[in-house]
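Structure at a glance
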Amino acid sequence: VNTERFEMEVRGINHVEGGWPKDINPQEMEQTTRYRKKVEKDDHYITTITQLGSVMEHCIKQNNAINIYEEYFEEEEELEGMDEAPSAKTINVFRDPNEIKRTATHLSWHPDGGRKLAVAYSCLEFQRAPKDMSYDSYIWDIENPNKPELTLKPVSPLVSLEYNPKDSHILVGGCYNGQITYWDTRKGGQPVELSVIEHSHRDPVYKVIWLQSKTGTECFSTSTDGQVLWWDIRKMSEPTEKLILDITKKGNLDLALGGISLEFEPTIPTKFMVGTEQGMVISCNRKAKTPAEKIVCTYSGHHGPIYAIQRNPFFPKNFLTVGDWTARIWSEDSRESSIMWTK
């Protein structure tokens, strides 16, 4: 859009008494008095004055009606701030409807206004899952905590579950057995398609994120098996891309760090970050030419798994990680250490 351009310049102006003819000097008392008398004898004088009078009167009345320098509320005493502790009220509790209660491992809000909540349930303790444990995960309606709106029936318990931001009928889930699966809520609770076990993760899929692609069908996932895999839900037979989280850049799966959290900021589509089990953040560039260049740098400071990682939405250079009892804030530019952290 071509907008109009305005040139600004500053000028001074000098006010002098105006309205006198050229041959009269307003500083000379005698000349002005003589001229005044001459004008007052003129026939048009009275009519002109009455016309100007009404304009002038309007301005004076306006000035008298509004005091532009008025101080509002000056007599009000300053109210003391109320020292109420911040509080929250429980509105609803959504309970796992099964006999054997499981951990809610992931939540995803419905993209349009958050009227619904998808919850993934699983037991993450290795080989400790009770034998009759249900595999189901649920979509809850926020207004109705008594009964889930839809039951999702995966082949293996869900560790992560995400609504597609572009199409709210579609959800992708990462399973405990490493498979990726997706649902279309219009088709009910059975998965539409599953990734093939041989080409899937070998550990629980801790995080899946939808990419902002034109098709709205692409996502990527990470797992403690040390891989990041890209998927297109239109063709789930194998991942479209693969990255092994080996920071020696040799692509050796035995040396790879296990991914637990992922971060992807749609405004920086080529970059993403992985929080690992070993307490290190790996910053990656998806568009690098070789697999070794895809791992850009690492940030270390946590002594245990990084359970959450998130960029600051307003200053994407800064990001926050949570792990080993602390939250740390980092700047992309300083790799030596985080810039601040909690006790």
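This text gives an overview of the structure that appears in the document. Keep in mind it's a predicted model, so treat the numbers as computed, not measured. (Residues numbered from 1 in each chain as written. Predicted model: local features only at pLDDT ≥ 70, side-chain atom pairs only at ≥ 80, totals over all residues. Heavy atoms only, no water.)

On to the nonpolar core, then. With 16 residues, the main nonpolar core has Phe220, Val228, Trp230, Leu243, Phe272 and Val274 as its most contacted residues. Here the element with the most residues in this core is strand E15 (residues 280-285); it accounts for three residues. Excluding its chain neighbours within four sequence positions, the residues that come into contact with phenylalanine 220 are Lys207, Val208, Ile209, Leu211, Val228, Leu229, Trp230, Trp231, Leu262, Phe264 and Phe272. Core analysis: the next-biggest nonpolar cluster, separate from the first, contains 12 residues, Ile180, Val208, Cys219 and Ile233 among them. (Core = buried A, V, L, I, M, F, W, Y, C linked by side-chain atoms within 4.5 Å. Buried < 20%, exposed > 50% of the residue type's maximum accessible area, 1.4 Å probe, protein only. Helix = DSSP H or I, 4+ residues; strand = E, 2+ residues; numbered from the N terminus. Contact = heavy atoms within 4.5 Å.)

Next up on the list: a negative patch on the surface. Side chains of Glu70, Glu71, Glu74, Glu75, Glu76 and Glu77 sit close together on the surface and give a patch of like negative charge. The topology assignment puts glutamate 70 in the loop between helix H2 (44-65) and strand E1 (103-109). (Patch = residues over 30% accessible without salt bridge, like charges linked within 9 Å, V, L, I, M, F, W, Y side chains within 5 Å. Areas by Shrake-Rupley, 256 points an atom, 1.4 Å probe, with all protein chains shown as cover. Salt bridge = Lys/Arg side-chain N within 4 Å of Asp/Glu carboxyl O. Lys, Arg positive; Asp, Glu negative; His and termini not counted. Charge placed at Lys NZ, Arg CZ, Asp CG, Glu CD.)

Strand E5 (residues 158-163) sits mainly inside the fold: six of its six residues count as buried. Sheet topology places E5 next to strand E6 (residues 170-175); five bridges connect them, and they run antiparallel. Across the sheet, serine 160 pairs through a bridge with glycine 174, a residue of E6. Counting the residues in the hairpin turn of E5 and E6 gives six residues. (Pairing = 2+ DSSP bridges.)

Moving on to the layout of surface pockets. If you add up the space inside the largest pocket, you get close to 930 Å³. Around the largest pocket, the lining is made up of 34 residues, and of these His106, Glu162, Lys207, Ile209 and Leu262 lie nearest the centre. Put simply, the parts of the chain that give the lining of the largest pocket at least two residues each are E1, E5, strand E9 (205-210), strand E13 (259-263), strand E17 (306-311) and strand E18 (318-323). The residue makeup of the lining of the largest pocket, split by class, is 22 nonpolar, six polar and six charged. (1 Å grid on protein atoms, 1.4 Å probe; cavity = no way out; pocket = protein on both sides within 12 Å on 5 of 7 lines; lining within 4 Å. Points joined across faces, edges and corners; volume = space filled by probe spheres on them. Nonpolar A, V, L, I, M, F, W, Y, C, P; charged D, E, K, R; others polar.)

Working note: regular strand, side chains alternate between the two faces of the sheet. The pairing of E1 with strand E2 (residues 116-122) spans six bridges and is antiparallel. Across the sheet, residue alanine 104 finds its bridge partner in E2, namely tyrosine 121. The turn joining E1 and E2, which pair antiparallel and follow one another in sequence, is formed by six residues; a positive phi near 85 degrees is taken by glycine 113.

Below, the discussion takes up the pattern of salt bridges. One pass over the structure, following the stated rule, counts 17 salt bridges. Among the ionic pairs, lysine 153 bridges to aspartate 136, the shortest N-O distance being 3.0 Å. Residue lysine 153 is located in the loop between strand E4 (150-152) and E5, and its partner aspartate 136 is located in the loop between E2 and strand E3 (137-141); the two are separated by 17 residues in the primary sequence. On the basis of relative accessibility, which here comes to 36%, the residue lysine 153 falls in the partly exposed class.

Our next topic: the packing of aromatic side chains. Applying the stated rule across the entire model yields 11 aromatic pairs. Relative to phenylalanine 272, the ring of phenylalanine 220 lies with its centre 5.3 Å away and its plane at 75 degrees, an arrangement referred to as edge-to-face. Placement of the pair is phenylalanine 220 in strand E10 (residues 218-223) and phenylalanine 272 in strand E14 (residues 271-276), with a sequence separation of 52 residues. In terms of burial, phenylalanine 220 and phenylalanine 272 fall into one category: buried. An aromatic cluster is defined as three or more aromatic residues linked by ring pairs; in this entry it consists of Phe94, Tyr121, Tyr138 and Trp140. Across from the ring centre of tryptophan 341, 5.0 Å away, lies the NZ or CZ of arginine 328, which sits over that ring. (Phe/Tyr/Trp six-rings, centres within 6.5 Å; stacked < 30°, edge-to-face > 60°. Lys NZ or Arg CZ within 6 Å of the ring centre and 35° of its normal.)

Below, the discussion takes up the environment of isoleucine 306. Note on placement: isoleucine 306 falls in strand E17. Overall, the relative accessible area of 0% leaves isoleucine 306 in the buried class. C-alpha of isoleucine 306 to C-alpha of lysine 166: the two residues are 140 residues apart in sequence and 28 Å apart in space. Contact partners of isoleucine 306, with chain neighbours within four places excluded, come to Ile260, Ser261, Gly275, Thr276, Gly279, Met280, Val281, Thr321, Val322 and Gly323.

Next up on the list: unusual backbone geometry. Of note, the phi angle at glutamine 127 is positive, near 55 degrees, even though the residue is not glycine. One can find glutamine 127 in the loop between E2 and E3. The phi dihedral of tryptophan 325 falls on the positive side, at around 65 degrees, and the residue is not glycine. Residue placement: tryptophan 325 occurs in the loop between E18 and strand E19 (326-331).

The subject of this paragraph is H2. In a regular helix each residue adds 1.5 Å, so 22 residues correspond to 32 Å; H2 covers 32 Å between its end C-alpha atoms and thus fits that length. Of all 22 residues making up H2, only zero are buried, and the element is barely covered by its neighbours. (Expected span 1.5 Å × (residues − 1).)

The four strands are arranged E13-E14-E15-E16 in an open sheet whose pairing can be described as antiparallel. This sheet does not close on itself; its edge strands, each paired only once, are E13 and strand E16 (295-300). This sheet shows a mean twist of 25 degrees between the axes of neighbouring strands, independent of strand direction. One ladder, built from four bridges, connects E13 with E14; its direction is antiparallel. Its bridge partner lying in E14, glutamate 263 is registered against methionine 273. (Axes fitted to C-alpha atoms, helices over the stretch in contact; angles between N-to-C directions.)

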